[in-house]
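An overview of the molecular structure
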Amino acid sequence: MSGIWGWFGGGAAQKRKDTPKNVILDLRTNLEMLQKREAHILRQIEEQEKEARKHVNTNKTAAKNALRRKKVYEGNLEQTMNHIGTLETQINAIESANINKETFEAMQRASDAMKSIHGKLTPEKVDEAMEKLQEHNQLNEEIAAAIGSVNIGQSIDDGELDAELDELMAKDLEDKMLETGTVHADRLPSVATGELKNNKGKAPAVAEDDEEAELNRLKAEMAM
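The structure displayed is predicted, hence computed values, not measured ones.

Moving on: the overall build of the protein chain. Counting secondary structure elements, the protein chain contains 6 helices and 0 strands. In the protein chain, which comprises 224 residues, the proportion classed as buried is 10%. Look at the contacts in the protein chain between residues 6 or more apart in sequence, and 63% of them connect residues 24 or more apart. For the protein chain, the exposed area adds up to about 19,400 Å²; of that, 56% sits on carbon and sulfur atoms.

Our next topic: the nonpolar core. Counting 7 residues, the largest nonpolar core consists of I24, L27, L31, L34, I84, L87 and I91. Contributions of two or more residues to this core are made by helix 2 (10–55) and helix 3 (60–118). Of all the elements, helix 2 adds the most residues to this core, at 4 residues. Residues contacting L31, with those up to four places away along its chain left out, are I84, L87, E88 and I91.

Another aspect to go through is a negative patch on the surface. On the surface, D157, D158, E160, D162, E164, D166 and E167 cluster together to form a negatively charged patch. Along the chain, the position of D162 falls in helix 5 (residues 158–180). Residue D162 is classed as partly exposed on the basis of its relative accessible area, which comes to 46%.

Next up on the list: the pattern of salt bridges. Counted by the stated rule, this structure contains 10 salt bridges. Across the salt bridge formed by K50 and E46, the nearest N and O atoms sit 3.8 Å from each other. Highlighted residues: K50 and E46, both in helix 2, separated by 4 residues, approximately one helical turn. Residue classification places E46 among the partly exposed residues on the basis of a relative accessible area of 45%.

On the surface, a cluster of positive charge is made up of K60, K64, R68 and R69. Considering the arrangement of structural elements, one finds K64 in helix 3.

Turning next to the UniProt feature "coiled-coil region" (unreviewed entry) in the protein chain. UniProt records the feature "coiled-coil region" (unreviewed entry) at residues 31–65, using the numbering of this structure. Between the C-alpha atoms that bound residues 31–65 the distance is 31 Å, and the span itself is 89% helix and 0% strand.

Reading the values: the criteria
- Residues numbered from 1 in each chain as written.
- Predicted model: local features only at pLDDT ≥ 70, side-chain atom pairs only at ≥ 80, totals over all residues.
- Heavy atoms only, no water.
- Helix = DSSP H or I, 4+ residues; strand = E, 2+ residues; numbered from the N terminus.
- Buried < 20%, exposed > 50% of the residue type's maximum accessible area, 1.4 Å probe, protein only.
- Contact = heavy atoms within 4.5 Å.
- Areas by Shrake-Rupley, 256 points an atom, 1.4 Å probe, with all protein chains shown as cover.
- Core = buried A, V, L, I, M, F, W, Y, C linked by side-chain atoms within 4.5 Å.
- Patch = residues over 30% accessible without salt bridge, like charges linked within 9 Å, V, L, I, M, F, W, Y side chains within 5 Å.
- Salt bridge = Lys/Arg side-chain N within 4 Å of Asp/Glu carboxyl O.
- Lys, Arg positive; Asp, Glu negative; His and termini not counted.
- Charge placed at Lys NZ, Arg CZ, Asp CG, Glu CD.
- UniProt positions renumbered as here; feature names shortened; annotations may be inferred.

See the structure below:
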């Protein structure tokens, strides 16, 4: 009973797993031994052939005995080579079967891993999730568009802005002209065409003084 229960233990499981490897190691050990025996028999055959050649003309009995031993070694060689072929076939078969087993177990573990990763995930659930995601994105875009369309604050007329901009440009130009001492013709004040009069119908005294001063300046320039 203890042996049966031990079969389900961790040590027994590991031993079963290592069994193919151990068998292959044992077979290779036997194969190496047979290959050494093969090399030894080949040397013995070569020596017996040399012995037969040595006595072929001088001692036929010794030559025949050498050939007889050679035949025995050749029989042993054939048997050994058959054993070597059998072991090599078994090793290849076990290695192939073990590789197939390891490959199948690896594929099974991969299948279990994929099953664990996917869990309850199905193509239908993925499609449903993607549709919900698209709906949320579309709703978000609509909300953003609605918020952006709201005009917050007082509406400003572009015409008023243009007029104010023209005034600023004109003032800036006038300031520059004053700084340089030149006044453009269209910036000069318009001259009254009618005669200026005070409340009694006469021009102001200040204007008369300016005219006298201007007249005196002209006379002085003519005299020069």
